[in-house]
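Architecture and fold: a report
These are the residues of each chain, in order.
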Amino acid sequence: MSAPESRPSGTVTFLFSDIEGSTLRWQRDPQAMADALARHNELFRAAIESNGGYVFKTVGDAFYAAFAGAPEAVAAALAAQRALNAEDFSAVEGVRVRIALHAGYAREQDGDYFGTTLNRVARLVSIGHGGQTLLSGTAAELVRDALPPDGELRDLGAHRLKDLARPERVFQLVVPDLLDAFPSLRSLDYLPNNLPQQLTSFIGRAGIVEEVKAMLHEHRLATLVGAGGAGKTRCAIQTGAELLNRYPDGVWLVELAPISDPALVTTTIARVLGVRETRDAELLTTLLGDLEQRRLLFVLDNCEHLVDETRRVASAIIGGCAGVGILATSREQLGISGERVLRMPSLQEADAVELFADRARAADDRFALTAENEPFVAEICRRLDGIPLAVELAAARVKLLSPKALTEKLSERFRVLTGGSKDAVPRHHTLRATIDWSFDLLDEPSRALFRTLSVFVGGWTLDAATAVCAQDGDEWGVLDLLSSLVDKSLVAVETKGEERRYDMLVSIREYASERLAEAGEAQAAAAKHARFYAALAKSLAPLAGELEDVQWQRSLAPELDNLRAAIDWTIVSQRDPQLGMEMLSELEWPELIATPHEALRWFEAALRLEDRVPSDLILARLLRHCVILEWLTGQPAAHREQLALAAVAVARRAGDPDEVARVLGYLGATYAHEARFDDAERVFAQAYAAPAQLSRAAANAVLRMWAAGSLARGDVDAARKRFSEVARCERPGSEAHASALLNLGELEYASGDLEAAQAAASQAKAAYTLIGSVYTVLALSNLAAYAMEAGNLDDARGYLREALQLQPRSGRGWLASVIEAHALLAALSGDFESAALLGGFSDSLYRARGEVRQQTEHRGYERLLKTLAEACSKEEIASAMESGARIGEKEALARASAIYERHGR
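Residues numbered from 1 in each chain as written. Predicted model: local features only at pLDDT ≥ 70, side-chain atom pairs only at ≥ 80, totals over all residues. Heavy atoms only, no water.

**Focus: a negative patch on the surface**
On the surface, Asp463, Asp472, Asp474, Glu475 and Asp480 cluster together into a negatively charged patch. Mapped onto the secondary structure, Asp474 falls in the loop between helix H17 (462-469) and helix H18 (475-487). (Patch = residues over 30% accessible without salt bridge, like charges linked within 9 Å, V, L, I, M, F, W, Y side chains within 5 Å. Areas by Shrake-Rupley, 256 points an atom, 1.4 Å probe, with all protein chains shown as cover. Salt bridge = Lys/Arg side-chain N within 4 Å of Asp/Glu carboxyl O. Lys, Arg positive; Asp, Glu negative; His and termini not counted. Charge placed at Lys NZ, Arg CZ, Asp CG, Glu CD. Helix = DSSP H or I, 4+ residues; strand = E, 2+ residues; numbered from the N terminus.)

Shown next, in the form of structure tokens:
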């Protein structure tokens, strides 16, 4: 078969290819690579054209070909791979070509092709490996019954491609005489990222993406600037997807639009990476420590309302973390030295027309761009200034109006807004006019729902929309209206399994919020919103009672922004303080959904309105939470004692046995932290005087704190008994259960049962790892101590290597114990200089904080000093430890890491 006389059109099968690793080959031997490429081109073109294909473009070593049918494309791919395999390319260490096939509609013009189908096949080829031929699900269906006799399709599963639209079912073409074993595909599923799946294809911004990628290649901070609806977010996310291979530690989207408090910028960034706040360090310091050795890219989306704080945090990251890049989107630049700014231009007319056609087909699969309607589509796109959001909103109307009718309607809208002067329409008026027009075309029930939905922050569920927006609780009615708003591109929907979550683009939410205020409905909607989330918090209280902390967290974490909004409206703005206090009183583990510092601000704001607290029980809970949150944030023990005493008095007035027991337990824990063990014992005994009258959660909480107090006092037998009881009663897999196991391990170690200590710590480590707890580092440190006690230095190195990797994101709370464990490892390995230096560093941390070592750490420290004394003079040890006390955290971590290079794996 020869090349076609006419170019394929309509539904076309495309074949894209490129040579894997060609850049390095060009660098090593340009002349040999030029000769190899020339031969590659001859063989590839012959394989395509002999099977009826049309080569419409070559770029470097990449071929782009079109076929009228999928079987012909498969035949060409096989012929090309076989011809290349038979050729001697040893001069350039081989030529391995990856090929991808995909079929779909494409527009042919002047010998080239346009459309989203081409984007799809380009993304498909990018995830393959040299020698591999991949087919999309569409291409596979077209060729399944027409494969070569020796060929088969291997299902590689669904994969997210870098265009971020729907996952693609990918198949590999397999024949006996070609290589068929390859590594995992380089799809988004196998690269670290949190980039969201997009419901629509990426159109018309390829040049912008390439420009931003070039900026980030030379500089570490770039900002996309433009008005709402210009496509900044989508362009930034797409750029991040295409840069995944450049950043081994991932590309991470940080959505700032839902937050209004500048103090939450660092919190939001840290949460994306799982970096937790600690008592003794500012969160930004902990975050910077985590990022110091990592290579990743942040996409900071919608910075304009928090530009000052974003500037501060981004400056700190760029200044202190050489491997981290930032791509920001904003309506104004950040103003940081070294920042590169790109202002989002309007879409070119051809791209805008393509975007309209694609979104119109999504709204109505009968739509097709024709010679008759294309001039009207082009006019619509010109009238909308090529603003992507405006184009999409207009395209969503093709189910009701033809492009010609749409043109007439838009003309009417702009004449009303500008007095007939089309030239006077600025970009922001254009977008507002388009949303105005979409809003005016809604019926009144849809308008009411649309504006009321703006009260949600960070998305919502159908249950939430029904409770807040429906007049009569008609869920089906809300669903119908919500589906209509989704169809009109005014609401976005994300599906995860069986769950659906809805949201609005920032520009649309701002518009809807203005409409809500104009209608005089904002306060009523906010009140319903607050009541719903207060009820949600209360409905999850049984999970707290059953110690289901992980499930509780999973249920509330997606609603953090809505909870913030409800707290701000009820308590901070004092619109309904009692409702806000009731909601806070039901948040049993606030530190699991927000940082301890943020949660403390919530409860402190409530206590400033103490005279308006609705009941003694609620006041006792607010005070109790302040006690634990102050401990988590490192506040002085004396103030915690005052809070705890006040909580005890209020709880006794309330007469609730559970709350009395809990606050007494917190008072006892406070006394134990102050080393007032007799007072602690007395209070714990009061708290646990009648355990049968307490709920399981309250009884376990008291017993756990009492056991910790006994351990601190040195009463090993009492502590073992209480921790064993807690471990039996707590829900396996919970953080409380893991904590009991970890402490039980310390007890067993102190009493000489090393095997039992290792078993308990291993179980604790597994549980902590599963829930992503910061305590994982402490479990690893203890396991290393037990391994060193048993003489298994290789096991100890493995545990400590993992602990050191997790240490930065766990904060500085366990830095002393982790470094000291490394010091002991160095001493046992014969590196006495490093041992003394690191021992001096950890010793200085304990002294500075006024802390005493726990059982495991104390025994390790004594062994370290003894080992050093056997090998070095007192003067040498003292000098090295004094030097260690003067080094910084960064140097200590580097010295600890160097131990592996000298003494282990």
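**Considerations on the sheet that holds strand E9 (residues 221-225)**
Read from one edge to the other, the open sheet built from 5 strands follows the order E10-E11-E12-E9-E13, with strand pairing classed as parallel. Edge positions in the sheet fall to strand E10 (251-255) and strand E13 (340-343), since each of these pairs with one other strand and no more. Across the sheet, the mean angle from the axis of one strand to that of its neighbour is 15 degrees, orientation sign disregarded. Here E9 pairs with E13 via 4 bridges, running parallel. Each residue of the ladder has a partner; that of Val225, found in E13, is Arg343. Sitting on the sheet, helix H10 (residues 307-320) is in contact with E9, strand E11 (296-301) and strand E12 (324-330), with an inclination near 160 degrees to E12. (Pairing = 2+ DSSP bridges. Axes fitted to C-alpha atoms, helices over the stretch in contact; angles between N-to-C directions. Contact = heavy atoms within 4.5 Å.)

**A look at the environment of Gln27**
With respect to the element layout, Gln27 can be found in helix H1 (residues 22-28). Using a relative accessible area of 59% as the deciding quantity, one classes Gln27 as exposed. As a C-alpha pair, Gln27 and Ala257 span 230 residues in sequence and 45 Å in three-dimensional space. (Buried < 20%, exposed > 50% of the residue type's maximum accessible area, 1.4 Å probe, protein only.)

**Examining the packing of aromatic side chains**
Overall, the coordinates contain 20 aromatic pairs when judged by the stated rule. With a centroid separation of 6.5 Å and 80 degrees between ring planes, the pair formed by Phe14 and Phe16 is classed as edge-to-face. Pair check on accessibility: Phe14 and Phe16 agree, each one buried. Note on Phe44 and Phe63: the rings are 5.1 Å apart at their centroids and 25 degrees apart in plane angle, and the pair reads as stacked. You can see Phe44 sitting in helix H2 (residues 30-49) and its partner Phe63 sitting in strand E3 (residues 62-67), a full 19 residues away along the chain. For the pair Phe44 and Phe63, a shared accessibility class is recorded, and that class is buried. (Phe/Tyr/Trp six-rings, centres within 6.5 Å; stacked < 30°, edge-to-face > 60°.)

**As for the environment of Glu588**
Turning to its location among the elements, Glu588 is positioned in the loop between helix H24 (577-586) and helix H25 (596-607). Relative accessible area serves as the criterion here: at 14%, Glu588 is assigned to the buried category. For Glu588, the residues in contact, after removing those within four places along its chain, are Ala544, Trp552, Arg624, His625 and Arg662. A distance of 3.1 Å separates a polar atom in the side chain of Glu588 from a polar atom in the side chain of Arg624. (Polar contact = N/O pair within 3.5 Å; in protein donor to acceptor, adjacent residues only side chain to side chain.)

**Here we look at the pattern of salt bridges**
Here the idea is simple: oppositely charged side chains can pair when their charged atoms come close. Within this structure, the stated rule accounts for 54 salt bridges. The salt bridge involving Asp261 is made with Arg601; its shortest N-O contact spans 3.9 Å. Highlighted residues: Asp261 in the loop between E10 and helix H8 (264-273) and Arg601 in helix H25, separated in sequence by 340 residues. On the accessibility criterion, Arg601 (34% relative accessible area) is partly exposed. When the shortest N-O distance is used, the salt bridge between Arg676 and Glu641 registers 3.1 Å.

**Considering helix H34 (residues 776-789)**
With 14 residues, H34 should cover 20 Å at 1.5 Å per step; its first-to-last C-alpha distance of 20 Å lies within 8% of that length. By the criterion of burial, H34 is predominantly enclosed, with 13 of the 14 residues buried. Following H34 by one or two positions, Gly791 adopts a phi angle in the positive range, close to 85 degrees. (Expected span 1.5 Å × (residues − 1).)

**Some thoughts on the confidence of the model for the chain**
Per-residue pLDDT for the chain has a mean of 87; in total, 94% of the residues score no lower than 70. Every residue in residues 416-425 is under pLDDT 50, and counting partners more than four places away or in other chains gives 8 contacts. (pLDDT = per-residue confidence, 0-100.)

**Some words on the packing of helix H27 (residues 637-654) against helix H28 (residues 657-673)**
H28 packs onto H27 with a crossing angle of 160 degrees between their chain directions and a minimal axis gap of 9 Å. Accordingly, the angle class assigned to the pair H27 and H28 is roughly antiparallel. Handedness of the H27/H28 crossing: left-handed. Across the interface between the two elements, Ala637, Arg640, Glu641, Ala644, Leu645, Ala647, Val648, Ala651 and Arg652 from H27 touch Glu659, Val660, Val663, Leu664, Leu667, Thr670, Tyr671 and His673 from H28. (Parallel < 35°, antiparallel > 145°, perpendicular 65-115°, else oblique. Left-handed = near helix turned anticlockwise from the far one by under 90°.)

**So, the side chain of Thr13**
For Thr13, the location among the structural elements is in strand E1 (residues 10-19). Under the relative-accessibility criterion, Thr13 is labelled buried at 3%. Apart from the residues lying within four places of it in its own chain, the contact partners of Thr13 are Ala65, Ala66, Phe67, Gly69, Ala70, Ala73, His102, Ala103 and Leu142.

**Quick word on helix H22 (residues 549-556)**
Owing to its 3.6 residues per turn, the α-helix aligns residues three or four sequence positions apart on the same side. Those residues of H22 not exposed but buried are Asp549, Val550, Trp552 and Leu556. In an axial view of H22, the angular spread of the buried residues amounts to 160 degrees, which keeps them on one side of the axis. (Arc of directions from axis to C-beta.)

**With respect to the side chain of Glu630**
Here Glu630 lies in helix H26 (residues 616-632). Among the polar contacts listed, one links the side chain of Glu630 to the side chain of His639, at a separation of 2.9 Å. The contact partners of Glu630, leaving out residues within four places of it in the chain, are Leu600, Glu604, Gln635, His639, Arg640 and Leu643.

**What to know about the state of the cysteines**
Under the criterion given, the structure shown has 0 disulfides. Free of any disulfide, Cys235 has its nearest cysteine sulfur in Cys303, 15 Å distant. Cys235 gets classed as buried once you look at its relative accessible area, which sits at 0%. Cys321 forms no disulfide, and the closest cysteine sulfur to it belongs to Cys303, at a distance of 17 Å. (Disulfide = S-S within 2.5 Å.)

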